[in-house]
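Structural overview
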Amino acid sequence: MSQESFEIWALAAPVRSEMTPIGARLVVMLSDERQRMANEWFCKWHYISGSMPVEIESFNGRPIRYGGIRYTGVPQTIYRQTIQHYLAKKICEVFYGIEDEILRYPFAIRVQALSEAKSFITDFAQQIRHEAVEKDRILQGDGFKFPQRQDNRGVGWFPATGYRCTG
């Protein structure tokens, strides 16, 4: 391989230092979860105006069921509250998993794993937040016209903080 082709290949490949086993598993798990949310949860909200009821996960043990309604008022409030609850619950779940797993590793790996986890979870939360705000905007539209994107970064309907993991 020539030096020039190596440099081009190196630029195309993601540059990462060596990850911990915890970090490597976390990247895959969070990527899969983000894709699941996009394909299964966010997508279902498009069907609430149809004649057949659609069942949407509420993340609190009881499903949300809507059919034949517009995305305004209570459904919009439920959407917003549910995605906030989901994200807080998922982040706590991830940290509980890390907490159980991290004890098997030496201190230096623990420190690196926690640093990786912070970064990966922050990225995941930002991706879910972006998708939630964008889907909210699309659902408010009529198929041709859509309101401007509104994400007030921690104020308004999607607060940045306020949930504590308990356990």
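The structure this text deals with has already been given above.
Each value, and the rule that gives it
Residues numbered from 1 in each chain as written. Predicted model: local features only at pLDDT ≥ 70, side-chain atom pairs only at ≥ 80, totals over all residues. Heavy atoms only, no water. Helix = DSSP H or I, 4+ residues; strand = E, 2+ residues; numbered from the N terminus. Buried < 20%, exposed > 50% of the residue type's maximum accessible area, 1.4 Å probe, protein only. Contact = heavy atoms within 4.5 Å. Core = buried A, V, L, I, M, F, W, Y, C linked by side-chain atoms within 4.5 Å. Axes fitted to C-alpha atoms, helices over the stretch in contact; angles between N-to-C directions. Parallel < 35°, antiparallel > 145°, perpendicular 65-115°, else oblique. Left-handed = near helix turned anticlockwise from the far one by under 90°. Nonpolar A, V, L, I, M, F, W, Y, C, P; charged D, E, K, R; others polar. Salt bridge = Lys/Arg side-chain N within 4 Å of Asp/Glu carboxyl O. Phe/Tyr/Trp six-rings, centres within 6.5 Å; stacked < 30°, edge-to-face > 60°.

**Quick word on the side chain of Lys 90**
If you trace the backbone, Lys 90 turns up in helix H3 (residues 74–102). Owing to a relative accessible area of 10%, Lys 90 belongs among the buried residues under this scheme. Among all residues touching Lys 90, those that are not within four sequence positions of it are Glu 33 and Phe 124.

**Some points on the nonpolar core**
Ranked by size, the top nonpolar core spans 31 residues in total, and within it Trp 41 and Trp 45 carry the most contacts. Residue assignment for this core shows that the elements contributing at least two residues are helix H2 (21–44), strand S1 (54–56), strand S2 (64–66), H3 and helix H4 (107–140). In terms of residue count, the dominant contributor to this core is H4 (9 residues).

**Concerning the packing of H3 against H4**
Axis separation between H3 and H4 bottoms out at 11 Å; the angle between their running directions is 165°. By the angle class used here, H3 and H4 are roughly antiparallel. Between H3 and H4 lies a crossing of right-handed hand. Residue composition of the contact of H3 with H4, by class: 18 nonpolar, 2 polar and 6 charged.

**Observations concerning the pattern of salt bridges**
Taken as a whole and judged by the stated rule, the model has 10 salt bridges. A salt bridge links Glu 101 to Arg 25; its shortest N-O distance comes to 1.9 Å. Remark: Arg 25 occurs in helix H2 and Glu 101 occurs in helix H3; sequence separation between them is 76 residues. Of the residues examined, Arg 25 reaches a relative accessible area of 41% and is grouped as partly exposed. Each of Glu 33, Arg 36, Glu 40 and Glu 57 takes part in a single network of salt bridges with overlapping partners.

**Describing the packing of aromatic side chains**
Overall, the coordinates contain 10 aromatic pairs when judged by the stated rule. Note on Trp 45 and Tyr 79: the rings are 5.1 Å apart at their centroids and 85° apart in plane angle, and the pair reads as edge-to-face. Of this pair, Trp 45 sits in the loop between H2 and S1 while Tyr 79 sits in helix H3, and the two are 34 residues apart along the sequence. Counting every residue linked through ring pairs, the aromatic cluster contains Trp 41, Phe 42, Trp 45, Phe 59, Tyr 66, Tyr 71, Tyr 79 and Tyr 86.

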